[in-house]
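Below, each chain spelled out in residue letters.
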Amino acid sequence: MSLRSGGRQLSFELLARDLSADDADDDSPRSLPDTTSDGQRRRRRRSKRKRGFRSPPIDEAASEGEQPRGDGIGDAVAAFRVTDLRSTAETVCESSEADRSAASCVTYVGVELRQRSVCGGGRVLAASTEDGTSSCGSSTRESAAAAAAVADVAAAAWRPEANGGVKKKLEKEESLDWEKYMKENSNILGEVERLDNSPFRYFLGELYGGNSLRSTISVGNEKKRQRVYNTMFHVPWRCERLIVAGFFVCLDSFLSLLTIMPARIVVTIWRVLKTRKFLRPNAADLSDYGCFIVLALGVASLQMIDISLIYHVIRGQGTIKLYVVYNVLEIFDKLCQSFGEDVLQVLFNSAEGLSSCSTDNVTFELMRFLLDEAIAVLAFVVHSFVLLAQAITLSTCIIAHNNALLALLVSNNFAEIKSNVFKRVSKENLHNLVYYDIIERFHITAFLVFVLAQNILEAEGPWFDSFLINASLVFLCEVLIDAIKHSFLAKFNEIKPVAYSEFLEDLCKQILNDKPDDRQKDLTFIPLAPACVVIRVLTPILVGLILRCLANWYVNLRLKRKQHVD
């Protein structure tokens, strides 16, 4: 068998030519192997002792995908066998075309021929001292000579040739410089590990590395800037504008209760007395009568309460208890507002039913109206008492000299911020919350009027300056807390400042009665309970002023008469 590769000469072909030349120089022809049975048995025993177990050889030509040529025409034919991970003996058989019967076989004892790939397909012979056997049965002497020839060929200066006969010289690889590589690729290990990790170098790197907070906060944009401006300027301004407008709406309702309603009742009574005809009143007149009865009975019930006794009971409490009492009263105030709204609406409904009912249902409608009136009286009397106790508590904190007012304002207002700011609210809930703040602002104003009236009646010495400072402190704290609360509510819930402008528009439409069908977003304020408190505290002042004016007038009148008599 022979192995052919296009354009290249293999090592075993060169070896075959060298061996042919050596045979030509040798005078003694090679002897044929001994064919006797004794010689064969000796060779078999010797080969078994030397090689042990032999696995079947793998043909290199079959492994490279080439078919061996079997025509027998040409020069010497070399049979080349390669074993896989096992030591074997290579046998090269030469045959000539003239005499095929005289086959000469050369055994290479202890030699293994291998093919190695170096730099683009070059081949080199490697000789290893391993045991081998002869398939043709040559002698030990001839095997030793063949081994020496193979060693000479392997020791020769062999240079592999690339395809096409062009020699290629191996290039030496450049050694890897680790420091140079790290300098060129400084970020290969990130910014955590550095070549120079001294504290001074780290300080210089942080000093000239840019923003010191770059690792914990990112750069903002125009949206963030607008959000900051909304929190600081737009929302507080629009919210305070809405609260001030709502305050004057509440003041208008309060003054209407104290002026317009009594005037309407007087006009109605005057018309009945003038015509001497009693007609069924309409729904508006019945509503005015019901509210007047509630107001009168509320003021009468508060007149029976000793304010000085309640004042001294509250003043005897500590600062913490004052805070607790004020917050409890504020909670009851909100509950009474919600319940009083429903009660007054039911009373107005009963008034409409009584004014438009038939003659047969008059008794039923009248009894229902009286029942609703009694419920309204009870509800608003309780609400009036709650507001009176709250006003006395605030008066106690203002008059006290142990900074109780400051502690009350700080604790109460920041508790309000905590209970509202960190909650998820919708736009409708925010609308209702603004209306609650408007009503609270009006109640605080009523409390300050109560404190002023109490100081006028009972204070001694210069008191107006201290009252003015304390009242300004209370009012400014309320304004500041409302601004902070609504600013962060709008920030956390992503509500734009234009929402407060929409709330103000709804309030203006309510004043103009522009949307009678949609009453869900209206400001609901019932001035009956605050009116009872203000009338209760202003009545002694008004009566005292009237009596003093009358006394001065009478004394002056008597002096004039005495002078005239004299």
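Look a little higher up for the structure.
These notes cover the structure that comes with them.

Conventions we followed
Residues numbered from 1 in each chain as written. Predicted model: local features only at pLDDT ≥ 70, side-chain atom pairs only at ≥ 80, totals over all residues. Heavy atoms only, no water. Salt bridge = Lys/Arg side-chain N within 4 Å of Asp/Glu carboxyl O. Helix = DSSP H or I, 4+ residues; strand = E, 2+ residues; numbered from the N terminus. Buried < 20%, exposed > 50% of the residue type's maximum accessible area, 1.4 Å probe, protein only. Core = buried A, V, L, I, M, F, W, Y, C linked by side-chain atoms within 4.5 Å. Contact = heavy atoms within 4.5 Å. 1 Å grid on protein atoms, 1.4 Å probe; cavity = no way out; pocket = protein on both sides within 12 Å on 5 of 7 lines; lining within 4 Å. Points joined across faces, edges and corners; volume = space filled by probe spheres on them. Polar contact = N/O pair within 3.5 Å; in protein donor to acceptor, adjacent residues only side chain to side chain. Phe/Tyr/Trp six-rings, centres within 6.5 Å; stacked < 30°, edge-to-face > 60°. Lys NZ or Arg CZ within 6 Å of the ring centre and 35° of its normal.

**Thoughts on the pattern of salt bridges**
For step 1, the next point in the chain: Under the criterion given, the structure shown has eleven salt bridges.
For step 2, the next point in the chain: Taking the shortest distance from any N to any O, the salt bridge between Lys 485 and Asp 482 comes out at 4.0 Å. In this pair, Lys 485 and Asp 482 are both assigned in helix H14 (residues 464-492), three residues apart and thus about one turn of the helix distant.
For step 3, the next point in the chain: The buried category is assigned to Lys 485, whose relative accessible area is 1%.
For step 4, the next point in the chain: Overall, the relative accessible area of 0% leaves Asp 482 in the buried class.
For step 5, the next point in the chain: Residues Lys 509 and Glu 505 are paired through a salt bridge, measuring 3.6 Å at the closest nitrogen-oxygen approach.

**Remarks on the nonpolar core**
For step 1, the next point in the chain: Counting 82 residues, the largest nonpolar core has Leu 295, Leu 388, Ile 392, Phe 450, Tyr 500, Leu 523 and Leu 528 as its most contacted members.
For step 2, the next point in the chain: With sequence-adjacent residues up to four places away left out, Tyr 500 is seen in contact with Val 235, Arg 238, Cys 239, Leu 242, Leu 430, Val 434 and His 486.

**Let's talk about the layout of surface pockets**
For step 1, the next point in the chain: What the largest pocket holds in volume is close to 1,700 Å³.
For step 2, the next point in the chain: Residue lining of the largest pocket: 42 residues in total, with Ser 253, Leu 523, Thr 524, Phe 525 and Ile 526 positioned closest to the centre.
For step 3, the next point in the chain: Elements represented by at least two residues in the lining of the largest pocket include exactly helix H7 (222-275), helix H8 (283-303), helix H10 (319-356), helix H11 (362-399), helix H13 (427-458) and helix H15 (498-511).
For step 4, the next point in the chain: A per-element tally of the lining of the largest pocket places H10 first, with ten residues.

**Digging into the environment of Ile 444**
For step 1, the next point in the chain: Mapped onto the fold, Ile 444 is located in helix H13.
For step 2, the next point in the chain: Here the alpha-carbon distance between Ile 444 and Glu 478, two residues 34 residues apart in the chain, equals 8.9 Å.
For step 3, the next point in the chain: Aside from chain neighbours lying at most four places away, what touches Ile 444 is Val 474 and Glu 478.

**A look at the side chain of Ser 487**
For step 1, the next point in the chain: Relative to the helices and strands, Ser 487 is located in helix H14.
For step 2, the next point in the chain: Ser 487 gets classed as buried once you look at its relative accessible area, which sits at 4%.
For step 3, the next point in the chain: From its side chain, Ser 487 meets the backbone oxygen of Thr 231 in a polar contact 3.1 Å long.
For step 4, the next point in the chain: If we ignore the near neighbours within four places in the chain, the residues touching Ser 487 are Thr 231, Val 235 and Pro 236.

**Thoughts on the packing of aromatic side chains**
Any two aromatic rings considered together are summarised by their centre-to-centre distance and by the angle between their planes.
For step 1, the next point in the chain: Under the defined criterion, the tally for this structure stands at ten aromatic pairs.
For step 2, the next point in the chain: What links up through ring pairs into an aromatic cluster is the set Phe 247, Phe 248, Phe 254, Phe 442 and Phe 525.
For step 3, the next point in the chain: Positioned over the ring face of Phe 475 is Arg 441, at 5.6 Å from the centre of the ring.

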